[in-house]
Amino acid sequence: MRECGECTLCCTLLEVPVLEKASGEACAHCHPGGCSIYYGRPGQCHWDCLWLAEPSLPDELRPDIHGVLFEPFWDARVVVAMAEPGAVWKKGPPANLIHTMLADGYVVWVMQEKDRHVILPEGVTQEEAEERAKRAWRGKWQARAIPQT
Ligand code: SF4
Ligand code: SF4
């Protein structure tokens, strides 16, 4: 299993209720070398980061490198890509990963600041994508970042 190392992208982008940290605000435990309490971080910091979970993904997709992090919802066949302000997700490694997920039939939601994009794999309608989205985030504490459908 990978470790985050110097990456702290989710530590700014995501809300962490137990730390009373809002999305978009850097966590007080973020340091240049990574999380200063990494091995004792709260459970809510152990979210489903695709790069951490999938060693087959290249190192260059570490979320802080391109400013894009991916969260998979395997059962609902949805992947959420969250991009920090100014991050480029339409080309390069993040775009390649999006294309791979689409080819495998996953709906990809991309969120960047107030923008929400849904990218449909072949054969999937907008209606089905929204149904999948609702299934994906039902009951998740991460409702923080979820596209409103
Ligand atoms: S985005 Fe992923 S790799 Fe980066 S700090 Fe968060 S969990 Fe770790
Ligand atoms: S405690 Fe560590 S892992 Fe959790 S948000 Fe803060 S810096 Fe990130």
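Residues numbered from 1 in each chain as written. Chains lettered and ligands numbered in written order. Predicted model: local features only at pLDDT ≥ 70, side-chain atom pairs only at ≥ 80, totals over all residues.

## Comments concerning the overall build of the protein
We apply this condition: Here a helix means four or more residues in a row that DSSP labels H or I, a strand means two or more in a row labelled E, and each is numbered from the N terminus. In this treatment the radius of gyration is a C-alpha quantity, and the globule benchmark scales as 2.2 Å times the residue count to the 0.38 power. In this scheme the burial state of a residue depends on its C-beta neighbours within 10 Å: 20 or more other such atoms mean buried, 12 or fewer mean exposed, and anything in between means partly exposed; the C-beta positions come from the backbone.
In terms of helices and strands, the protein carries five helices and six strands. Going from the N terminus to the C terminus, the protein shows its helices and strands as α-β-β-α-α-β-β-α-β-β-α. Compactness check: the protein gives a C-alpha radius of gyration of 15 Å against a globular reference of 15 Å for 149 residues, within 12% of the reference. The principal-axis extents of the C-alpha atoms in the protein amount to approximately 45 × 30 × 30 Å. Burial analysis of the protein (149 residues in total) assigns 28% to the buried set.

## A closer look at the site of ligand 1
Our working definition: Throughout this description, a residue near a molecule or strand is one whose C-beta atom, derived from the backbone, lies within 6 Å of it. Charged means Asp, Glu, Lys or Arg here, nonpolar means Ala, Val, Leu, Ile, Met, Phe, Trp, Tyr, Cys or Pro, and polar covers whatever is left, Gly included.
Around ligand 1, the structure places Cys-4, Cys-7, Thr-8, Leu-9, Cys-10, Cys-11, Cys-49, Trp-51, Leu-52, Pro-63, Asp-64 and Leu-69. Of the residues in the shell around ligand 1, the class split is 10 nonpolar, one polar and one charged.

## Some details on the site of ligand 2
What surrounds ligand 2 is the set Thr-8, Cys-11, Val-16, Cys-27, His-29, Cys-30, Cys-35, Ile-37, Arg-41 and Cys-45. Classifying every residue of the shell around ligand 2 gives seven nonpolar, two polar and one charged.

## Quick word on the sheet that holds strand E6 (residues 115–119)
Filter applied, for reference: Strand pairing is defined by DSSP finding a minimum of two bridges between the two strands. For helices, the fitted axis covers only the stretch in contact; all axes are lines through C-alpha atoms, and the angles between them, taken along N-to-C directions, range from 0 to 180 degrees.
Taken in spatial order, the four strands make up an open sheet running E3-E4-E5-E6, and their pairing is mixed. In this open sheet, the two strands that pair with only one neighbour each are strand E3 (68–73) and E6. Taking each pair of neighbouring strands and ignoring which way they run, the sheet shows an average axis angle of 20°.

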